[in-house]
Amino acid sequence: MSTPTPEAAEQGRGMDAHNAVMREVRAERDETYDPHEPTRVWIDEDNTPDGVRQSLTIILNTGGCRWARAGGCTMCGYVAESVEGGSVTHEALMNQIDVCLDHEQANADEPSGLVKIYTSGSFLDEREVPAETRAAIAETFADRDRIVLESLPDFVTADTVSDFTDVGLSTDVAIGLETATDRVRHDCVNKYFEFADFEAACEEVRTVDAETDDVSAGVKAYLLLKPPFLAEPEAVDDMIASIRRCADVEGCHTVSMNPCNVQRYTMVDELFFEGGYRPPWLWSVAHILTETADADAIVVSDPVGHGSDRGAHNCGECDDRVQTAIKDFDLRQDPSVFEQVDCECERTWEHVMAAETSYNMPLAR
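This write-up is about the structure you can find in this document. Fair warning: this is a prediction, and the values are worked out from it, not measured in the lab.

Here's the deal with the environment of Glu24
Structurally, Glu24 can be placed in helix 1 (residues 14-26). Separated by 242 residues in sequence, Glu24 and Thr266 place their C-alpha atoms 9.6 Å apart.

Have a look at this one:
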């Protein structure tokens, strides 16, 4: 794993201070989880380089992200859903896959062409998912069209990706980049790597893509809208710039903008409780998607917990309508869908965008 620079990790400051706080917050967790059951599984539709496909999304229950065990990202509570002890056996992980296949059979008319597999950390980290399990999962889904695997850039190599392309699966690696701005990633998200590491991971995936004829390999960048300590207009500007910068990296064909939601056992949760954080406006999501519709990539967003106080929201009256427009945009990539929704609260959002700063936020709840 990459090591933060001495300046960023100086004792008692920077990442060291963030990690100390995060370890205290995470220590409050008292839930336990069954290593034979996945964290979540559902059927949906996704926009891919091959068009819109039915998708099977799997969140495996693993031993958790190793960076989170050091303290980790300020907004991420997924490690709280991981199994105690730091590891899950091959047999238990394959039991989880069986549960997901049973769910698909019961809830879909046919097998999904697209399979997306996430963990609370990195699927390609062999401390979370052993090489044996990775190979078995590749064989399990070899009859599908495309698979998406989430990982930090450290673990993305041509060898790990080719495990899936070798069985005939087009393979995308989803990387939690969060932002293309290194300072925001370090100081607001508390993530240790650089944009250059993301570019290097894209190069590894491009190597695989160049060696395959019948299938493809690419990268899906995951970005975080409005990490803590950024005001709404700052977060919007950073997101627009980040989407365009990612789209310009060869091999990165999709950018997924994830509005920050308030998860338990996180620094964001602590700030939210004290009135120091508001999740992003759904109007911001619509604005960013409109502004970046011409980017050379598929740009999508799926606001988790939309309409709730702890998720991206507007006034409460228009949230579902704006969310529907966002989902429509994801599938059609047509920004005109946002012309069909309007609400008085858009005027409040415009005022927030004009007046909110990082020293007076949140300007409106």
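Additional details are given in the paragraphs that follow.
So, the packing of aromatic side chains
Applying the stated rule across the entire model yields six aromatic pairs. Between Tyr192 and Phe193 the ring centres are 5.7 Å apart and the planes differ by 80°, which places this aromatic pair in the edge-to-face class. Residue Tyr192 is classed as buried on the basis of its relative accessible area of 3%. Three or more aromatic residues joined by ring pairs make a cluster, and in this case those are Trp67, Tyr192 and Phe193. The ring of Tyr277 has Lys226 lying over it, and the distance from NZ or CZ to the ring centre is 5.7 Å. Seen from the ring of Trp281, Arg278 lies directly overhead, with NZ or CZ sitting 4.1 Å from the centre.

Some points on the pattern of salt bridges
Two side chains carrying opposite charge are able to pair once their charged atoms lie near each other. Following the criterion strictly, the structure yields 22 salt bridges and no others. Residues Asp172 and Arg146 are paired through a salt bridge, measuring 2.7 Å at the closest nitrogen-oxygen approach. Of this pair, Asp172 sits in strand 5 (residues 170-178) while Arg146 sits in strand 4 (residues 146-150); the two residues are 26 residues apart in sequence, bridging distant segments of the chain. Classification of Asp172 by relative accessible area gives buried; the value is 3%. We note a salt bridge from Arg310 to Asp269, for which the minimum N-O separation is 2.9 Å. On the criterion of sequence distance, the pair formed by Arg310 in the loop between strand 8 (298-301) and helix 11 (319-332) and Asp269 in helix 9 (residues 267-273) is long-range, its members being 41 residues apart. A relative accessible area of 31% means that Arg310 is categorised as partly exposed. Beyond isolated ion pairs, a larger network of salt bridges with shared partners links Asp342, Glu346, Arg347 and Glu350.

Regarding the side chain of Glu356
Within the element layout of this structure, Glu356 appears in the segment after helix 12 (345-355). One buried charged side chain, Glu356, makes no salt bridge at all; its nearest oppositely charged neighbour is Lys226, positioned 4.1 Å away. For Glu356, the side chain forms a polar contact with the main-chain nitrogen of Glu232, separated by 2.8 Å. Once residues within four sequence positions are removed from consideration, Glu356 is found in contact with Lys226, Ala231, Glu232, Pro233, His351, Met361, Pro362, Leu363 and Ala364.

Digging into the packing of helix 4 (residues 131-140) against helix 5 (residues 158-165)
It is the contact of helix 4 with helix 5, at a shortest axis distance of 8 Å, that shows an interaxial angle of 30°. With respect to each other, helix 4 and helix 5 are oriented roughly parallel. Contact residues: helix 4 offers Arg134, Ile137 and Ala138, while helix 5 offers Thr160, Asp163 and Phe164. A per-class count over the contact of helix 4 with helix 5 returns three nonpolar, one polar and two charged.

What counts, and where the lines are drawn
Residues numbered from 1 in each chain as written. Predicted model: local features only at pLDDT ≥ 70, side-chain atom pairs only at ≥ 80, totals over all residues. Heavy atoms only, no water. Helix = DSSP H or I, 4+ residues; strand = E, 2+ residues; numbered from the N terminus. Phe/Tyr/Trp six-rings, centres within 6.5 Å; stacked < 30°, edge-to-face > 60°. Buried < 20%, exposed > 50% of the residue type's maximum accessible area, 1.4 Å probe, protein only. Lys NZ or Arg CZ within 6 Å of the ring centre and 35° of its normal. Salt bridge = Lys/Arg side-chain N within 4 Å of Asp/Glu carboxyl O. Lys, Arg positive; Asp, Glu negative; His and termini not counted. Polar contact = N/O pair within 3.5 Å; in protein donor to acceptor, adjacent residues only side chain to side chain. Contact = heavy atoms within 4.5 Å. Axes fitted to C-alpha atoms, helices over the stretch in contact; angles between N-to-C directions. Parallel < 35°, antiparallel > 145°, perpendicular 65-115°, else oblique. Nonpolar A, V, L, I, M, F, W, Y, C, P; charged D, E, K, R; others polar.

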